[in-house]
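Descriptive structure summary
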Amino acid sequence: MIRQLATIAGAAFVWATLGPSAAAQAPAKPDPAKGQAIAGQVCAACHAADGNSPSAANPKLAGQFYEYLHKQLTNFRPQGGRKAERDNAVMAGMTANLSADDLKDLAAYFAAQKLKPAVARDKDLAALGQKIYRGGIAATGVVACSGCHGPAGTGIPAQYPRIAGQFPEYIEAQLKAFRAGARANDPNGMMRSVAARMSDREIQAVAEYAAGLR
């Protein structure tokens, strides 16, 4: 009995002193301030310090959902002995020396920045894009983009990314990559299935329209 009481008392002391085990503790919250420091050193050359990339070759990250940014950053790195889900030599190199917490901090920082949106430049192309974005393409079974990304392209947190105000060139490049299978980190192959049914002009039209959404 005395031994049991001693054991209980010891356990209580450990709990009071150390708290729950590390495994049971809530993970540390992402730190945008730390993310800002990393962004200035690692990301600024391509994406700008605030995530508003000056070049259409590199996406705007400002204002994107934390969950989506974190997933993409994680997907650029090999996991569990398997190759990266998103194959990109440049981003693989950029993320190779970052810790798991660094990726979270970066995602939190860029998500908190204000987007400086791109603009649509081709009226006719954007008009075609609007029809596809809102109504899909019945003849080829392309569903409306608005169903997942929202009427204004603002997306749905943790599910579908914001595409409003993104560079049209970047959106076009990603849709074509999905179509070709060069990018394959879309859940359940959703984007690959959609893009496979679209022509070059239809892809360009959707990209142009999305760039002008606000």
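Here the structure is a predicted model, which means the values were calculated and not measured.

Rules used in this analysis
- Residues numbered from 1 in each chain as written.
- Predicted model: local features only at pLDDT ≥ 70, side-chain atom pairs only at ≥ 80, totals over all residues.
- Heavy atoms only, no water.
- Helix = DSSP H or I, 4+ residues; strand = E, 2+ residues; numbered from the N terminus.
- Expected span 1.5 Å × (residues − 1).
- Buried < 20%, exposed > 50% of the residue type's maximum accessible area, 1.4 Å probe, protein only.
- Contact = heavy atoms within 4.5 Å.
- 1 Å grid on protein atoms, 1.4 Å probe; cavity = no way out; pocket = protein on both sides within 12 Å on 5 of 7 lines; lining within 4 Å.
- Points joined across faces, edges and corners; volume = space filled by probe spheres on them.
- Nonpolar A, V, L, I, M, F, W, Y, C, P; charged D, E, K, R; others polar.
- Core = buried A, V, L, I, M, F, W, Y, C linked by side-chain atoms within 4.5 Å.
- Salt bridge = Lys/Arg side-chain N within 4 Å of Asp/Glu carboxyl O.

1. Quick look at helix α8 (residues 168–180)
If you check α8, its first and last C-alpha atoms are 18 Å apart, about what 13 residues at 1.5 Å a residue would give, namely 18 Å. Listing the buried residues of α8 in full gives Pro-168, Tyr-170, Ile-171, Glu-172, Gln-174, Leu-175, Ala-177 and Phe-178. Turning to α8, the residues buried within the fold contact α9 (190–195) and α10 (200–212). Within two residues after α8, Gly-181 carries a phi angle of roughly 85 degrees, on the positive side.

2. What to know about empty space enclosed by the protein
Going through the model one piece at a time under the given rule, you end up with 1 cavity of 30 Å³ or more. Volume-wise, the largest cavity comes out at about 60 Å³. Every residue along the wall of the largest cavity is listed here: Lys-60, Leu-61, Ala-62, Gly-63, Gln-64, Leu-115, Arg-162, Ile-163, Ala-164, Gly-165 and Gln-166. Partitioned by chemical class, the residues of the lining of the largest cavity number 5 nonpolar, 4 polar and 2 charged.

3. Focus: the nonpolar core
Ranked by internal contacts, the top residues of the largest apolar core, which has 17 residues, are Tyr-133, Ile-171 and Met-198. Elements with a minimum of two residues in this core: α6 (123–135), α8 and α10. Leaving out residues up to four positions away in the same chain, Met-198 has contacts with Ile-132, Val-142, Arg-179, Ile-203 and Val-206.

4. Structural notes on the pattern of salt bridges
Side-chain pairing between opposite charges can occur once the charged atoms of the two side chains come close. Applying the stated criterion to the full structure yields 5 salt bridges. Residues Asp-50 and Lys-116 are paired through a salt bridge, measuring 3.7 Å at the closest nitrogen-oxygen approach. Of this pair, Asp-50 sits in the loop between α2 (32–47) and α3 (66–75) while Lys-116 sits in the loop between α5 (100–111) and α6; the two residues are 66 residues apart in sequence, bridging distant segments of the chain. The partner of Glu-172 in a salt bridge is Lys-176, with the nearest N and O atoms 2.8 Å apart. Taken as a pair, Glu-172 and Lys-176 lie in helix α8 at a separation of 4 residues, close to a single helical turn.

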